[in-house]
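Observations on the three-dimensional arrangement
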Amino acid sequence: WSTSAPSYSPSPPPSPGPCIPVDALATEKTKSLLACIGKNYGRMTYSGQQELKGFPIIQAASGKLPAILSGDLMDYSPTRVAHMGLPKDYTESLITQAGKGHILSVMWHWNAPNHLLDSKEQPWWSGFYTKATTFDLTATLADPEGDDYARMIRDIDAIAIQLKKLSDADVPVLWRPLHEVEGGWFWWGAAGPDSFKKLWHILYDRLTVHHELHNLIWVLTSEDPAWYPGNDVVDIIGVDAYPSDLSDALMSRWLPLRARFDGVKPIALCEFGGIPDIEKMQRLGVWWSWFCTWEDRLAKSPTSIITRIYNSPS
């Protein structure tokens with residue numbers, strides 16, 4: 001990448017839209033967080049890291065810590081708890097980090113509610129993958145009185161217990177469930193866009209209406225318009241990207257989303273396979289609201305990159 005000016009003029013910084021939570025009963029801290037994200041969108045990019053293990057590496061290289069900590073409620077899925085018991089104080093550890101000033105992003109690798117293959121090739125702990133379960137989302141949704149539907153709601157209720165802990169601590173959450181849906185590799189995307197959109201609405205209603213969780217900012221990690229559940233149930237649009245070239249500005253993925261959501265919703269880089277070259281991206285007019293490096297993929301980035309990006313002024 002050359003430091004010379006690009007051969008074209010980048011678009012002006014994007015607009016975040018109103019940045020008012022889709023949940024009309026959102027807590028004040030939740031509204032404030034989304035408003036802050038909107039205020040800084042197109043001006044700066046928040047840094048983030050999946051899980052705490054990467055924090056010491058980032059701090060040693062840059063003297064800084066990520067603004068965002070991303071966690072995963074995966075191990076609270078009932079079909080995982082059945083094999084390994086409840087995690088010990090994981091949600092509480094997230095609350096502790098929020099108390100230290102970190103913004104929390106929370107995802108959920110949802111182990112299928114039923115019908116895990118639990119074989120040598122597809123063990124129980126891989127049950128969030130389509131290939132590891134025969135759970136049929138379309139059939140489940142068509143039978144609200146059935147056992148699989150009851151298990152699906154049971155799973156959502158189990159996760160609500162953990163989100164309630166965050167709510168009780170008055171911690172707003174960038175809530176990112178059912179991610180990478182159009183890829184089809186996770187069971188919640190295997191049945192096509194119509195079933196997924198129904199599931200998204202069920203999840204939204206169960207958490208916000210039934211469980212009265214009003215600390216959630218709803219982040220949809222999906223780029224295909226066919227899978228979009230609607231402006232009324234999504235606060236932020238997300239992208240997950242693992243390019244072979246970590247200096248890739250992701251222009252081909254940014255531009256279609258900007259065309260759809262400029263002035264409507266902010267767009268974030270919710271997973272990245274290392275440290276993205278945010279300075280290069282911004283120079284080219286690619287303004288993610290935040291980035292989040294995926295767990296051990298931090299090791300893919302040289303120390304010099306970590307130092308430079310984490311000390312970037314924007």
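Just above, that's the structure.
Read on for an overview of the structure. All residue numbers refer to position in the chain's written sequence, counted from 1. For a predicted model such as this one, the threshold for reporting local features is a pLDDT of at least 70, and the threshold for listing and counting side-chain atom pairs is 80 or more; totals across whole chains, interfaces and linings nevertheless cover every residue. Side-chain numbers here rest on the full set of heavy atoms in the structure, without hydrogens or water.

1. Thoughts on helix H6 (residues 147-168)
Helix length check: H6, at 22 residues, gives a terminal C-alpha distance of 31 Å against a target of 32 Å (1.5 Å per residue), a fit within 8%. The principal kink in H6, of about 25°, is found at Gln162. Just downstream of H6, Asp170 is the residue with a positive phi angle, here 60°. Under the DSSP-based scheme used, a helix requires at least four consecutive residues in state H or I and a strand at least two consecutive residues in state E, with every element numbered from the N terminus. What a helix should span is 1.5 Å times the count of its residues minus one. Note that bend, as reported per residue, equals the angle between axes fitted to the 7 residues terminating at that residue and the 7 residues originating from it.

2. Here we look at helix H8 (residues 251-261)
Three or four residues apart is the spacing at which side chains of an α-helix point the same way, because the helix has 3.6 residues per turn. Where H8 is concerned, the buried positions are Met251, Trp254, Leu257, Arg258 and Phe261. Viewed end-on, H8 has its buried residues packed into an arc of 135°, placing them on one side of the element. In H8, the exposed positions angled more than 90 degrees off the buried face are occupied by Ser252 and Ala259. The contact criterion used throughout is that any non-hydrogen atoms of two residues lie within 4.5 Å. On its buried face, H8 is in contact with strand E6 (236-241) and strand E7 (267-272). Trailing H8 by a residue or two, Gly263 shows a phi angle of about 80°, which is positive. The buried label goes to any residue with under 20% of its type's maximum accessible area, the exposed label to any with over 50%, and the partly exposed label to all in between, with areas taken from a 1.4 Å probe on protein chains only. Think of it as the arc spanned by the lines of direction from the helix axis to the C-beta atoms.

3. What to know about the pattern of salt bridges
Each reported salt bridge corresponds to a side-chain nitrogen of Lys or Arg within 4 Å of a carboxyl oxygen of Asp or Glu. The tally for this structure, following the rule as stated, stands at 15 salt bridges. Residue Glu223 is joined to Arg253 by a salt bridge in which the shortest nitrogen-to-oxygen separation is 2.4 Å. Taken together, the residues Glu223 in the loop between strand E5 (216-221) and E6 and Arg253 in helix H8 connect sequence positions 30 residues apart. Asp277 is paired through a salt bridge with Arg308; the nearest N and O atoms lie 3.2 Å apart. Of this pair, Asp277 sits in the loop between E7 and helix H9 (278-283) while Arg308 sits in helix H10 (residues 303-310), and the two are 31 residues apart along the sequence. Residue classification places Asp277 among the buried residues on the basis of a relative accessible area of 9%. Here the residues in one salt-bridge network are Arg176, Asp240 and Glu271, joined through shared partners.

4. Points about the packing of aromatic side chains
Whether two aromatic rings pair depends on their centres lying within 6.5 Å, for rings of Phe, Tyr and Trp, where Trp uses its six-membered ring; planes under 30 degrees apart make the pair stacked, over 60 edge-to-face, and the rest tilted. Taken as a whole and judged by the stated rule, the model has 17 aromatic pairs. Look at Trp175 and Trp218: their rings are 6.4 Å apart centre to centre, the planes differ by 85°, and that puts the pair in the edge-to-face class. Taken together, the residues span a long stretch of sequence, with Trp175 in strand E4 (residues 173-177) and Trp218 in strand E5 at a distance of 43 residues. Each member of the pair Trp175 and Trp218 is classed as buried. The rings of Trp108, Trp110, Phe128, Tyr129, Phe135, Trp185, Phe186, Trp187 and Trp188 are connected pair by pair, giving a single aromatic cluster. Sitting over the ring of Tyr129, Lys131 keeps its end group 5.8 Å from the ring centre. A ring is considered to have a charge above it if a Lys NZ or an Arg CZ atom is located within 6 Å of its centre and within 35 degrees of its normal.

5. Digging into the layout of surface pockets
Taken as a whole, the largest pocket encloses approximately 330 Å³ of empty space. Taken together, 19 residues form the lining of the largest pocket, with Asp72, Met74, His109, Trp294 and Glu295 sitting closest to its centre. Amino acid classes used here: Ala, Val, Leu, Ile, Met, Phe, Trp, Tyr, Cys and Pro are nonpolar; Asp, Glu, Lys and Arg are charged; the rest, including Gly, are polar. A class-by-class count of the residues in the lining of the largest pocket yields 11 nonpolar, 2 polar and 6 charged. Lining residues are those with an atom within 4 Å of a point, where the points come from a 1 Å grid over the protein atoms alone and group into cavities, where a 1.4 Å probe fits but cannot get out, or pockets, open sets with protein on both sides within 12 Å along at least five of seven lines. Grid points are joined across faces, edges and corners, and a volume is the space filled by probe spheres set on the points.

6. Focus: unusual backbone geometry
Backbone geometry at Glu51 places phi at a positive 70°, although glycine is not the residue there. Residue placement: Glu51 occurs in the loop between strand E1 (48-50) and helix H2 (55-62). A relative accessible area of 18% places Glu51 in the buried class.

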